[in-house]
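Close look at the chain arrangement
Residues per chain are reported as follows:
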Amino acid sequence: EINDWGDQPTNEIVRQVIEMCGLYSLTKVGEWKRIIDLQLVGAMSHPGGGRNDIPHRLKRHYAAFNMPLPSDTALQQIY
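All figures in this text were calculated on a predicted structure; none of them were measured in a lab.

Here the focus is the overall build of the protein chain. Along the backbone of the protein chain there are 3 helices and 2 strands. From first element to last, N terminus to C terminus, the protein chain shows the α and β order α-β-β-α-α. Taking 12 Å as the expected radius of gyration for a compact globule of 79 residues, we find that the protein chain reaches 18 Å, considerably beyond that expectation. Viewed in the frame of its principal axes, the protein chain has a C-alpha envelope of about 60 × 35 × 20 Å. The 79 residues of the protein chain split such that 13% are buried. Taking contacts inside the protein chain between residues at least 6 apart in sequence as the whole, the part at least 24 apart equals 37%. Within the structure as shown, the protein chain displays about 7200 Å² of accessible surface, and the carbon and sulfur contribution to it stands at 56%. Of the side-chain charges in the protein chain, 8 are positive and 9 negative, and the distance between the mean point of each set is 7 Å.

In structure tokens form, the structure reads like this:
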């Protein structure tokens, strides 16, 4: 969900973990939790119909590939 500033808080937390290798503790104010050896893989559909695009600040950390569904003719040739 997008807030009043145009941010998507969940995606901003993911971006912070990628860029800063950690995040602040919710239980101990000011305590930094370092996260190491983390790999993220994601998949999404095109924005629209209630789905939002991810922010460019997060998108820049990923290699994006668009893989459309094959046509019926292509599926018949494959199978």
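More follows now that the structure is in view.
Here the focus is a nonpolar patch on the surface. A cluster of nonpolar side chains, namely Leu38, Leu40 and Tyr62, defines an oily patch on the protein surface of about 260 Å² accessible area. On the basis of relative accessible area, tyrosine 62 is assigned to the partly exposed category, the value being 33%.

What follows is about the side chain of arginine 15. Relative to the assigned elements, arginine 15 resides in helix α1 (residues 9–20). At 2.8 Å, the side chain of arginine 15 forms a polar contact with the side chain of glutamate 12. For arginine 15, the residues in contact, after removing those within four places along its chain, are Arg57, Leu58 and His61.

For the structure shown, the criterion picks out 1 aromatic pair. Between tyrosine 24 and tryptophan 32, the aromatic rings sit 4.7 Å apart at their centres with planes inclined by 80°, giving edge-to-face as the arrangement.

This part is about the environment of valine 41. Its place among the elements puts valine 41 in the loop between β2 (32–34) and α2 (56–59). Considering only alpha carbons, one finds valine 41 and tyrosine 62, 21 residues apart in sequence, at a separation of 8.7 Å.

Conventions used here
Residues numbered from 1 in each chain as written. Predicted model: local features only at pLDDT ≥ 70, side-chain atom pairs only at ≥ 80, totals over all residues. Heavy atoms only, no water. Helix = DSSP H or I, 4+ residues; strand = E, 2+ residues; numbered from the N terminus. Rg over C-alpha atoms; globule rule 2.2 N^0.38 Å. Buried < 20%, exposed > 50% of the residue type's maximum accessible area, 1.4 Å probe, protein only. Contact = heavy atoms within 4.5 Å. Areas by Shrake-Rupley, 256 points an atom, 1.4 Å probe, with all protein chains shown as cover. Lys, Arg positive; Asp, Glu negative; His and termini not counted. Charge placed at Lys NZ, Arg CZ, Asp CG, Glu CD. Patch = residues over 30% accessible without salt bridge, like charges linked within 9 Å, V, L, I, M, F, W, Y side chains within 5 Å. Salt bridge = Lys/Arg side-chain N within 4 Å of Asp/Glu carboxyl O. Polar contact = N/O pair within 3.5 Å; in protein donor to acceptor, adjacent residues only side chain to side chain. Phe/Tyr/Trp six-rings, centres within 6.5 Å; stacked < 30°, edge-to-face > 60°.

Structural measurements only, silent on function.
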